[in-house]
Structures are given as structure tokens and as C-alpha cells.
Amino acid sequence: MSKEFSIIAGPCSVESEEQVLLTAQKLSQTVKPDFFRAGVWKPRTRPGSFEGVGVKGLLWLKKVQTEYGIPAITEAGCANHVEKILKHGLSAFWVGARTVANPFSVQEIVDACDKKNISVFVKNPIHPDIELWIGAIERFLTAGIENVYAIHRGFYPYEKTHLRNIPRWEIPIELARRLPQVKIICDPSHIAGKPEYIAEIAQRAINLNMCGIMIETHYKPEIALSDKEQQITPDLLAKIISELSFRKLSADTSEYRNNLNDLREKIDAIDFQLIDMLEHRFKIVDEIGNLKKDNNITILQLERWKSIIESRLNYANPDNISKDFLLKILQMIHKESIARQNKIFDERK
Ligand code: PEP
Ligand code: MN
């Protein structure tokens, strides 16, 4: 994919020849995606639900490629899937969120890639373990596979929100920092879980300079056999894409650059002040630790901790800093302070 921004669209699952061809036809007339996605083997949590049509679906995906000129991708969960995908003339696949968590499976899939000029899309694992995600991508890169992309599909929702999966945007940001050569594509469908949140998630991905979106699209979502609640029609996808605001990484005008530099200098100065102040605060925390130790006093002083939270949250102007954020910062500082005082107690037994 050489374009700056890529669109991957298509149904969650291949259901029938008619369903993939109708969806592909509509997409080719509207969105013109760079890849047509559809799973032929579906990893289902419980047996008995629709587990995909299997190999015959690959023949229909091949038809999408020849009739509409859109390269097709499907999910590979084991070496056998990869062999069948390549044998049927597809040259791209994705590794799903469940498979990525198993290094044995990922390595098996890598070893089955007999060609190097294929495109592989590696989804993040369900649980927010960035090392597993990076490790899976590295297995493909070190095997010499040319086009490896990361797909951000959100993480298991330990905290309940309106979304199906929690985006945890800081994780793909960290992936971009650690593997800058790997492009990241966002999967707003599996994050949103419902059509109404897809546009918002896609826009956030663009704001973070992600290089594409994968959106589940079905010619008739209401009859879909999997992920029915989140699939959208090609027309709605076209509308969503037309309303997205695409951003650039930088602007060439000297006015923009000068303004940005001035503001960044201020931010730099504030960050160093914050570090100085935290260092100063931790010195006092250590003095208190020594005092508690000398007097055999418990480290946790609940009343003091409660009054710190209450007074700081009351002091802050909620228009300038959210209470949730401030509470998180205070909790992190308190956690570190307790750890430091524990160390003091352990050192001077
Ligand atoms: C899918 O893309 O249909 C899918 C199964 O996704 P994930 O592996 O992200 O759950
Ligand atoms: Mn799906």
C-alpha cells in the first residue's frame, strides 16, 4: 500500500458468494477500498455459532479480486490457513486478536509464508500486552516479510464503556514509537461495536496519524451472520469517509513553525519545572519515611491521604484540569511515595 491513507472494507465474515460479490460491487462503486476484507474461518468464543464457510469462501474472495480488482484479505489462524490462502491466489491476510497472543501459532503462520511479497496485518492481542503485539510483528519482520502492518482493534473492556473494546490509544502510540517503520491501521468497527461510534473512532485514528482504517461493511448488515450490530452498508461507509477530516503531519509556513516553536519552548520549561518539583516532593516524602520509621508508625496514613485527595480536587479548577485526571496523578504520586517509604523501612531494619 503506497497511498498515504488506506481503506480496508468488507464484511466480518464471508457468508455466501452473493453476499461477498454484492458487497464488493457496491464498495467498488463508492469507496473503492484498497483491500476487501472478509473472514472465512471465524474464531468464535463458544462452539456452535457461525464459524465461517471455510475454503470455498476463498474462491469467492478470488472472484472479488478478479471481478473488481480489489485485493482480498482474510484471517489466518494457523499454518494450514496460510497455505490455503496463498494457494487460492490471495496475497494478504490478517492475524486475529486471539491468535496474536500465542507465539507458537504466530511462528507457525510466519513459517508457512513461503512468499516474501505478501502483506500481513497483525491485530493487537485482546489483552493490552504491547510486548505480544510487538513480538508477533517482529516474527514477520525478521522472516523478511515485506509488508507488515499493525491493526489497532482495541482491548478487552475491563472498564465498561459505551464501546465494545477500549481503544487505549496510548498503546498504538507506544507501538509507533518502538516500531516506527510499521504503519498502523485502525479497526474502528471492533472498537466501536456499534455503527454510531465508528466515525468518531476513525477520526481519532486520523488525528493520531494512523495510516488507514478497516471497517466492517455488509450490503445488508441486518442479515449478517457475525458482528451484525457493528457492520455498516457501503453507502454509510462512503458517507463516513467523506465527512472525515484528513490531517497533515506538519505545515510549511514559517508562521506555523514559529508559533509552534514558541509554545513548545514553554512546554519544555514547564516539564522541567514539574520534574524539579516532583524531585523536591519526593525528598520530603523520604524525610517523612525516616520519621515514621524512627517512631515505628505505619506508612499508610488514611486520613492524611483522604485529605490530600479532597483538598487537591477542591483546589483545582475543573475547567483547566479534569478531576479524573488529577485523581490519577495523585494516585500515581502516592503509590510511588509508599514504595519509597517501604524501601526506607526495608533498608534500615
Ligand atoms: C475480525 O476482524 O472479524 C475479527 C475476528 O477481529 P478480532 O480478531 O480483532 O476480534
Ligand atoms: Mn468481526
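Here goes a summary of the coordinates provided.

Cut-off values and rules
- Residues numbered from 1 in each chain as written.
- Chains lettered and ligands numbered in written order.
- Predicted model: local features only at pLDDT ≥ 70, side-chain atom pairs only at ≥ 80, totals over all residues.
- Heavy atoms only, no water.
- Helix = DSSP H or I, 4+ residues; strand = E, 2+ residues; numbered from the N terminus.
- Contact = heavy atoms within 4.5 Å.
- Areas by Shrake-Rupley, 256 points an atom, 1.4 Å probe, with all protein chains shown as cover.
- Lys, Arg positive; Asp, Glu negative; His and termini not counted.
- Charge placed at Lys NZ, Arg CZ, Asp CG, Glu CD.
- Near = heavy atom within 4 Å.
- Polar contact = N/O pair within 3.5 Å; in protein donor to acceptor, adjacent residues only side chain to side chain.
- Pairing = 2+ DSSP bridges.
- Axes fitted to C-alpha atoms, helices over the stretch in contact; angles between N-to-C directions.
- Buried < 20%, exposed > 50% of the residue type's maximum accessible area, 1.4 Å probe, protein only.
- Right-handed = clockwise from strand over helix to strand, strands pointing away.
- Donors = N, O, S within 2.8 Å, 3.2 Å for Na, K, Ca; no water.
- Parallel < 35°, antiparallel > 145°, perpendicular 65-115°, else oblique.
- Left-handed = near helix turned anticlockwise from the far one by under 90°.
- Nonpolar A, V, L, I, M, F, W, Y, C, P; charged D, E, K, R; others polar.
- Phe/Tyr/Trp six-rings, centres within 6.5 Å; stacked < 30°, edge-to-face > 60°.
- Lys NZ or Arg CZ within 6 Å of the ring centre and 35° of its normal.
- 1 Å grid on protein atoms, 1.4 Å probe; cavity = no way out; pocket = protein on both sides within 12 Å on 5 of 7 lines; lining within 4 Å.
- Points joined across faces, edges and corners; volume = space filled by probe spheres on them.
- Arc of directions from axis to C-beta.

## Notes on the overall build of the chain
Link 1 in the chain: Each helix and strand counted, the chain has 12 helices and 8 strands in total.
Link 2 in the chain: Counting only C-alpha atoms and orienting by the principal axes, one finds that the chain spans roughly 80 × 50 × 40 Å.
Link 3 in the chain: Excluding contacts between residues fewer than 6 apart, the proportion of contacts in the chain whose partners are at least 24 apart in sequence is 73%.
Link 4 in the chain: When the accessible surface of the chain is summed, it comes to about 19,300 Å², and 53% of that surface belongs to carbon and sulfur atoms.
Link 5 in the chain: Distance between charge centroids for the chain: 3 Å, based on 48 positive and 46 negative side chains.

## Some details on the site of ligand 1
Link 1 in the chain: Surveying the vicinity of ligand 1 reveals the residues C12, R37, K42, E75, W94, G96, A97, R98, K123, R153, H190 and E216.
Link 2 in the chain: At 3.5 Å from an oxygen atom of ligand 1 is found a side-chain nitrogen or oxygen belonging to H190.
Link 3 in the chain: A distance of 3.3 Å separates an oxygen atom of ligand 1 from a polar side-chain atom of E216.
Link 4 in the chain: Bound to the protein, ligand 1 loses 96% of the 290 Å² it would expose on its own.

## Brief notes about the sheet that holds strand β7 (residues 183-186)
Link 1 in the chain: The 8 strands are arranged β1-β2-β3-β4-β5-β6-β7-β8 in a closed barrel whose pairing can be described as parallel. Recorded for the sheet is a direction-independent mean angle of 25° between the axes of neighbouring strands.

## A short note on the pairing of strand β6 (residues 147-152)
Link 1 in the chain: Extensive coverage of β6 is indicated by the burial of 5 of its 6 residues.
Link 2 in the chain: The sheet contact formed by strand β5 (residues 119-123) and β6 spans 5 bridges and is parallel. Its bridge partner lying in β6, K123 is registered against I151.
Link 3 in the chain: In this fold, the crossover linking β5 to β6 by way of helix α5 (residues 130-142) has right-handed handedness.
Link 4 in the chain: Where β6 lies against β7, 4 bridges are found, and the strand directions are parallel. Bridged to I151 within β7 is I185.

## Some words on the coordination of the manganese ion (ligand 2)
Link 1 in the chain: Only C12 (SG), H190 (NE2), E216 (OE) and D227 (OD) from the protein coordinate the manganese ion (ligand 2), and they sit 2.1 to 2.5 Å from it.
Link 2 in the chain: For the manganese ion (ligand 2), the donor residues sit on a single chain with the sequence spacing C-x177-H-x25-E-x10-D. One end of the pair, C12, is in the loop between β1 (6-10) and α1 (17-29); the other, D227, is in the loop between β8 (212-216) and α9 (234-243), with 215 residues separating them in the sequence. The residues C12 and D227 share a single accessibility class, namely buried.

## Thoughts on the environment of S91
Link 1 in the chain: Relative to the helices and strands, S91 resides in the loop between α3 (79-87) and β4 (92-95).
Link 2 in the chain: Using a relative accessible area of 37% as the deciding quantity, one classes S91 as partly exposed.
Link 3 in the chain: Separated by 86 residues in sequence, S91 and R177 place their C-alpha atoms 28 Å apart.
Link 4 in the chain: Beyond its immediate chain neighbours, meaning those up to four positions away, S91 contacts I118 and S119.

## Some remarks on the packing of helix α10 (residues 254-294) against helix α12 (residues 323-347)
Link 1 in the chain: Following both chains from N to C, one finds α10 and α12 inclined at 45°, their axes separated by 9 Å at the closest point. Our classification of the angle between α10 and α12 gives oblique. Crossing of α10 against α12: the hand is right-handed. Taken together, the residues of α12 that come into contact with α10 (itself represented by L278, R281, F282, V285, D286, I288, G289, N290, K292 and K293) are I333, E336, S337, R340, Q341, I344 and F345.
Link 2 in the chain: Tallied by class, residues from the contact of α10 with α12 come to 7 nonpolar, 4 polar and 6 charged.

## A short note on the packing of aromatic side chains
Ring pairs (aromatic) are described by centroid distance and by the angle formed between their planes.
Link 1 in the chain: Scanning the entire structure with this criterion turns up 5 aromatic pairs.
Link 2 in the chain: Where F35 meets F121, the ring centres are 5.3 Å apart and the plane angle is 80°; that geometry is what we call edge-to-face. Taken together, the positions of F35 in strand β2 (residues 35-37) and F121 in strand β5 put the pair 86 residues apart, joining distant regions of the chain.
Link 3 in the chain: According to the relative accessible area criterion, F35 is buried, its value standing at 7%.
Link 4 in the chain: Given the relative accessible area of 0%, F121 is considered buried.
Link 5 in the chain: Considering the side-chain rings of F121 and Y149, the 4.9 Å spacing of their centres and the 15° angle between planes classify their relative orientation as stacked. Of this pair, F121 sits in strand β5 while Y149 sits in strand β6; the two residues are 28 residues apart in sequence, bridging distant segments of the chain.
Link 6 in the chain: Counting every residue linked through ring pairs, the aromatic cluster contains F35, F121 and Y149.
Link 7 in the chain: A cation sits over an aromatic face here: K293 above F345, 5.8 Å from the ring centre.

## Re the layout of surface pockets
Link 1 in the chain: Here the largest pocket defines a volume of roughly 520 Å³.
Link 2 in the chain: Taken together, 21 residues make up the lining of the largest pocket; nearest its centre are E4, L208, N209, M210 and C211.
Link 3 in the chain: Where the lining of the largest pocket is concerned, the elements lending two or more residues are α6 (170-178) and β7.
Link 4 in the chain: Residue composition of the lining of the largest pocket, grouped by class: 15 nonpolar, 1 polar and 5 charged.

## Focus on α6
The α-helix winds at 3.6 residues per turn, so residues separated by three or four positions along the chain end up facing the same way.
Link 1 in the chain: When we look at burial in α6, the residues that qualify are I171, P172 and L175. One side of α6 holds all its buried residues, which, seen down the axis, span an arc of 95°.
Link 2 in the chain: The elements touched by buried residues of α6 are α5, β6 and β7.

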